[in-house]
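Tertiary structure, described
Here's the letter readout for the chains.
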Amino acid sequence: MMKTAAVATIIALFAASPSFASETADNCRSYVAENGGDDSGCDCLGEAASDNSALADALAAIKTPDDLDATDDDTKAAIAVCFPDSDASAS
């Protein structure tokens, strides 16, 4: 029974990964459309979030420039990888 539950959990995580990527990339594009900037790094950010649910959650919490400024250093580092010329890479 435990083995079945573990397999189901793993399958659910793998099934959710593309969803994290797509949702994160879409949220990124929405943020850029609302706040200005270049959305060329959004797919990169989506890919990063697909492998890291904590990053996906942190990115989903960013709704405003103030949220971006207040996010943790690990999230800013992930953003900087995908947006090397952004303010987040300078923070």
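Residues numbered from 1 in each chain as written. Predicted model: local features only at pLDDT ≥ 70, side-chain atom pairs only at ≥ 80, totals over all residues. Heavy atoms only, no water.

So, about the environment of Leu 55. Of note, Leu 55 is situated in helix 3 (residues 53-60). Owing to a relative accessible area of 8%, Leu 55 belongs among the buried residues under this scheme. Spatially, the C-alpha atoms of Leu 55 and Asp 74 are 8.3 Å apart, while their sequence positions differ by 19 residues. Every residue in contact with Leu 55, bar those within four places of it in the chain, is listed here: Ala 48, Ala 49, Thr 75 and Ala 78. (Helix = DSSP H or I, 4+ residues; strand = E, 2+ residues; numbered from the N terminus. Buried < 20%, exposed > 50% of the residue type's maximum accessible area, 1.4 Å probe, protein only. Contact = heavy atoms within 4.5 Å.)

Turning our eyes to something else, we now look at the nonpolar core. In this structure, Cys 28, Leu 45, Leu 59, Ile 62, Ile 79 and Phe 83 are the most contacted members of the largest nonpolar core, which totals 15 residues. Within the residue set of this core, elements represented by two or more residues are helix 1 (2-35), helix 2 (42-50), helix 3 and helix 5 (73-82). Ile 62 has contacts with Tyr 31, Asp 67, Leu 68, Thr 71, Thr 75 and Ile 79, leaving out every residue within four places of it along the chain. (Core = buried A, V, L, I, M, F, W, Y, C linked by side-chain atoms within 4.5 Å.)

What follows is about the pattern of salt bridges. All told, the structure shown has two salt bridges when counted by the stated rule. Residue Asp 26 pairs with Arg 29 through a salt bridge whose shortest N-O separation is 3.4 Å. Here Arg 29 and Asp 26 lie together in helix 1, a separation of three residues that amounts to about one turn. Asp 26 sits in the partly exposed class, given a relative accessible area of 39%. The partner of Arg 29 in a salt bridge is Asp 43, with the nearest N and O atoms 3.1 Å apart. One end of the pair, Arg 29, is in helix 1; the other, Asp 43, is in helix 2, with 14 residues separating them in the sequence. On the basis of relative accessibility, which here comes to 30%, the residue Arg 29 falls in the partly exposed class. It is possible to trace a salt-bridge network through shared partners that takes in Asp 26, Arg 29 and Asp 43. (Salt bridge = Lys/Arg side-chain N within 4 Å of Asp/Glu carboxyl O.)

All right, on to the state of the cysteines then. The full count for this structure, using the stated rule, is two disulfides. For the chain, numbering the cysteines in disulfides from first to last along the sequence yields the connectivity 1-2, 3-4. (Disulfide = S-S within 2.5 Å.)

As a further point, take the packing of helix 2 against helix 3. In contact at an axis separation of 6 Å, helix 2 and helix 3 are set at 135 degrees when each is read in the N-to-C sense. In terms of orientation, helix 2 and helix 3 fall into the oblique class. Taking contact as the criterion, the partners of Leu 45, Ala 48 and Ala 49 in helix 2 are, on helix 3, Ser 53, Leu 55, Ala 56 and Leu 59. Taken together, the residues that form the contact of helix 2 with helix 3 break down as six nonpolar, one polar and no charged. (Axes fitted to C-alpha atoms, helices over the stretch in contact; angles between N-to-C directions. Parallel < 35°, antiparallel > 145°, perpendicular 65-115°, else oblique. Nonpolar A, V, L, I, M, F, W, Y, C, P; charged D, E, K, R; others polar.)

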